[in-house]
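A look at the structure
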Amino acid sequence: MSQRTKIKALLESEQTNIEVTVKGWVRTFRNNQFIALNDGSTNSNIQIVVDFENTDPNLLKRITTGAALSVVGELVASLGKGQKVEVKAKQIEVLGDSDPEKYPLQPKKHSLEFLREIAHLRFRTNTFGAVFRVRNSLSYAVHTFFHERGFVYLHTPIITASDAEGAGETFHVTNFDLAYPPRTENGDVDFKQDFFGRATNLTVSGQLEGELGAMALSDIYTFGPTFRAENSNTTRHLAEFWMIEPEMAFYDLEDNMNLAEEFLKYLIGYVLKNNAEDIEFLSQRLAEEEKQKPQNERSETTLIEKLQFCLDNDFQRLTYTEAIDILKESTPNKKKKFTYLVEGWGTDLQSEHERYLVEKHFKKPVILTDYPKEIKAFYMRQNDDGKTVRAMDILFPGIGEIVGGSQREERLEKLEQRMTEMGIPTEELWWYLDTRRFGSCPHAGFGLGFERMVQFVTGMGNIRDVIPFPRFPKNAEF
RNA sequence: UCCUGAGUAGCUCAGCCGGUUAGAGCAUCUGACUGUUAAUCAGAGGGUCGCUGGUUCGAGCCCAGCCUCAGGAGCCA
């Protein structure tokens, strides 16, 4: 197979009047003369100019939208205005035909809903090409951020036996014949005979295992798939999603917040610098989408401006209690515009409240800390007031909660007492409690929903459009 | 899971008060044109009106159930 130059390199080439080989897929073929060819290396296409008068008409007919081509030709300065360089074709080979009557992607705008139905082909559109190049870049940035800081990438298990984390409904893992599972004398399914000798499920979080790593390696992070069997039908939830969970020994909540804020800014800055063309495209796409909305719902700031704003400003930090006070005194609360009115201390914040704080009151990312212990997980460190825990949630405009974290309860007695109160079996988590029995120390960590971060950076409204093959209720196609 | 809205050509949609042969734009195909940038111009083909049942002389339209999709809510990341 002869070497070919990727389109990104050709478009950036300083040299012209050189022979090149280019391969890719046809986006459009205009005037029997101009092929817009794309190979995914960049959002831009290269224009191939065909000398149609001296080309076999049967070959011309096979140059259709979606067809894969190999072109040998001369890279020249373009005569047209839309591009700097183009390739004057000397030899065109159709590597793979694409029947235009059947190929679902037409040279026109498609709705995101329609493209979701053909997720196997949507990579071939400008929008999804950009989204998945940015997603790739972000995941690379996750690793560089932590590696630059001496964190150890720890692979936590996908299959676990602990159902005790309380992070949501789990998917069961079994190799039983589901029609005839072995049963015990009293008719229950006998998991002792199952593959692992016990009931198992897909992980809902790598945190507990991550803590085990941190209690020896100091700073670790996980980055892998996570599964929730919740019947969630929203633009912010998936049944299978990727989560990043750093866990740091000798960190308190303050250190934890500092790291999280630095991390989010690093990711945004990385993409602005390294994916400028794709972000620019996505920014324009979003601006056009905004134009379709009624004027009062439109956002005046562009995607790039929003990202830059996040980089340039400190996140607003305040306690849950302070947030409740602000919400109580807020205009929508007094005028009873909220669906859920804020009256007392102790209830969880609704989406509308989070959105008010982030988008209306502070107009920037917000970190909320010290939530009531009743609405948070068992492992969070209890404050001296006996009412709150050292939790922190980072709220982003348009996304809501993007990070959830806490300083962990390192005191064995306090932890066991809380687990008992919340009905979490201490025997089952004996291995977790061992870290508190042997050399316990203050530590903290957080979880970042990777897709929510990709959503924020790309400006895509639906989380199903930022993961290549989304898994959600009633859908596991592809 | 709940609330609201939607499902009509490949795509995006229109379809009046229930009435004859269900329309448009784009896409596709054919022809013309040939330095185009969502090319342009002319013509053609293309429909199980989501599914099942009901009301009616007659249903794309009314009723019931179901399925799917979108937006919002809950759960959360």
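Predicted, not measured: the structure shown is a model, and the values here were computed from it. (Residues numbered from 1 in each chain as written. Chains lettered and ligands numbered in written order. Predicted model: local features only at pLDDT ≥ 70, side-chain atom pairs only at ≥ 80, totals over all residues. Heavy atoms only, no water.)

Turning our attention to the domain arrangement of chain A. As assigned here, chain A comprises domain 1 (7-107) and domain 2 (124-169 + 204-465). Domain 1 and domain 2 are separated by 44 Å when their C-alpha centres are compared. Contacts between the two partners involve 10 residues from domain 1, matched on the other side by 8 residues from domain 2. Buried area between domain 1 and domain 2, summed over both chains or domains, comes out near 780 Å², and the portion from carbon and sulfur atoms is 33%. Summed over the shared surface of domain 1 and domain 2, the result is 0 salt bridges. Remark: the boundary between domain 1 and domain 2 carries 7 residue pairs in polar contact (both at pLDDT 80 or more). Residue composition of the side of domain 1 that touches domain 2, by class: 3 nonpolar, 6 polar and 1 charged. (Domains from an automatic or database assignment. Contact = heavy atoms within 4.5 Å. Buried area = accessible area lost by both parts, 1.4 Å probe. Salt bridge = Lys/Arg side-chain N within 4 Å of Asp/Glu carboxyl O. Polar contact = N/O pair within 3.5 Å; in protein donor to acceptor, adjacent residues only side chain to side chain. Nonpolar A, V, L, I, M, F, W, Y, C, P; charged D, E, K, R; others polar.)

Okay, the protein's contact with RNA strand B next. Looking at RNA strand B, there are 48 residues lining it, with Arg116, Thr234, His237, Arg355 and Arg452 nearest. Taken together, the sugar and phosphate atoms account for 48% of what RNA strand B places within 4 Å of the protein. At 3.1 Å from a phosphate oxygen of RNA strand B is found a side-chain nitrogen or oxygen belonging to serine 111. A distance of 2.5 Å separates a phosphate oxygen of RNA strand B from a polar atom in the side chain of arginine 355. Every element with two or more residues in the surface near RNA strand B is listed here: α3 (112-117), β11 (240-249), α11 (351-361), β15 (400-407) and β16 (443-449). Looking at the surface near RNA strand B, its residues break down into 12 nonpolar, 21 polar and 15 charged. (Near = heavy atom within 4 Å. Helix = DSSP H or I, 4+ residues; strand = E, 2+ residues; numbered from the N terminus.)

With that settled, the discussion passes to the sheet that holds strand β8 (residues 172-173). Spatial strand order, β7-β9-β8: 3 strands in an open sheet with antiparallel pairing. Among the strands making up the open sheet, the edge pair consists of β7 (159-160) and β8. As defined by bridge partners, β7 adjoins strand β9 (residues 200-202) across 2 bridges and the pair is classed as antiparallel. Paired with isoleucine 159 across the strands is leucine 202, a residue of β9. (Pairing = 2+ DSSP bridges.)

Structurally, the α-helix is built with 3.6 residues per turn, so residues lying three or four positions apart point the same way. End to end, helix α6 (residues 253-274) covers 31 Å across 22 residues, agreeing with the expected 32 Å (1.5 Å per residue, within 8%). Its side-chain oxygen placed 3.1 Å from the backbone nitrogen of glutamate 254, aspartate 252 serves as the N-cap of α6. (Expected span 1.5 Å × (residues − 1).)

This paragraph deals with the packing of helix α4 (residues 126-148) against helix α14 (residues 450-458). Between α4 and α14, the least distance of the axes is 10 Å, while the angle of their chain directions is 125°. The orientation of α4 relative to α14 falls into the category oblique. Between α4 and α14 lies a crossing whose hand is right-handed. Taking contact as the criterion, the partners of Val131, Val134, Arg135, Leu138, Ser139 and Val142 in α4 are, on α14, Phe450, Glu451, Met453, Val454, Val457 and Thr458. A per-class count over the contact of α4 with α14 returns 8 nonpolar, 2 polar and 2 charged. (Axes fitted to C-alpha atoms, helices over the stretch in contact; angles between N-to-C directions. Parallel < 35°, antiparallel > 145°, perpendicular 65-115°, else oblique. Left-handed = near helix turned anticlockwise from the far one by under 90°.)

In this structure, asparagine 17 is a non-glycine residue whose phi angle is positive, near 60°. For asparagine 17, the location among the structural elements is in the loop between α1 (7-12) and β1 (18-30). A residue is classified by how much of its surface remains accessible, and asparagine 17, at 53% relative accessible area, is exposed. With a phi angle near 65°, phenylalanine 250 is a residue other than glycine that sits in the positive phi range. With respect to the helices, strands and loops of the structure, phenylalanine 250 is situated in the loop between β11 and α6. (Buried < 20%, exposed > 50% of the residue type's maximum accessible area, 1.4 Å probe, protein only.)

The subject of this paragraph is the packing of helix α5 (residues 207-217) against helix α13 (residues 430-437). The relative placement of two packed helices is expressed as an angle between their axes plus a distance between the axes. α13 packs onto α5 with a crossing angle of 30° between their chain directions and a minimal axis gap of 10 Å. Relative to α13, α5 is oriented roughly parallel. In the crossing of α5 with α13, the sense of the turn from one axis to the other is left-handed. Note on element contacts: α13 touches α5 through Trp431, Tyr432, Thr435 and Arg436, opposite Leu208, Glu209, Glu211, Leu212 and Met215. Residues belonging to the contact of α5 with α13 are distributed by class as follows: 5 nonpolar, 1 polar and 3 charged.

On to the sheet that holds strand β2 (residues 34-38). Here 5 strands make up a closed barrel; going around it, the order is β1-β2-β3-β5-β4 and the pairing mixed. Along the sheet, successive strands turn relative to each other by an average axial angle of 55°, direction set aside. Pairing analysis gives 10 bridges linking strand β4 (residues 68-77) to strand β5 (residues 85-96), with the strands arranged antiparallel. Bridging across to β5, alanine 68 finds its partner in glycine 96.

Judged by nonpolar contacts, the single largest core of 62 residues is most densely connected at Ile394 and Val457. If you tally residues by element for this core, the top one is α6, at 11 residues. With sequence-adjacent residues up to four places away left out, isoleucine 394 is seen in contact with Ala260, Leu264, Phe315, Val366, Ile367, Gly400, Glu401, Ile402 and Val403. (Core = buried A, V, L, I, M, F, W, Y, C linked by side-chain atoms within 4.5 Å.)

In this section: the pairing of β11. Counting buried residues along β11, 8 of its 10 residues qualify, which places the element largely inside the surrounding structure. Bridging between strand β10 (residues 219-227) and β11 involves 9 bridges; their strand directions are antiparallel. Counted as the bridge partner of phenylalanine 227 is glutamate 240 from β11. Relative to β16, β11 runs antiparallel, the two being bridged by 5 bridges. Residue glutamate 247 lies in a different strand from β16, and its bridge partner there is glycine 445.

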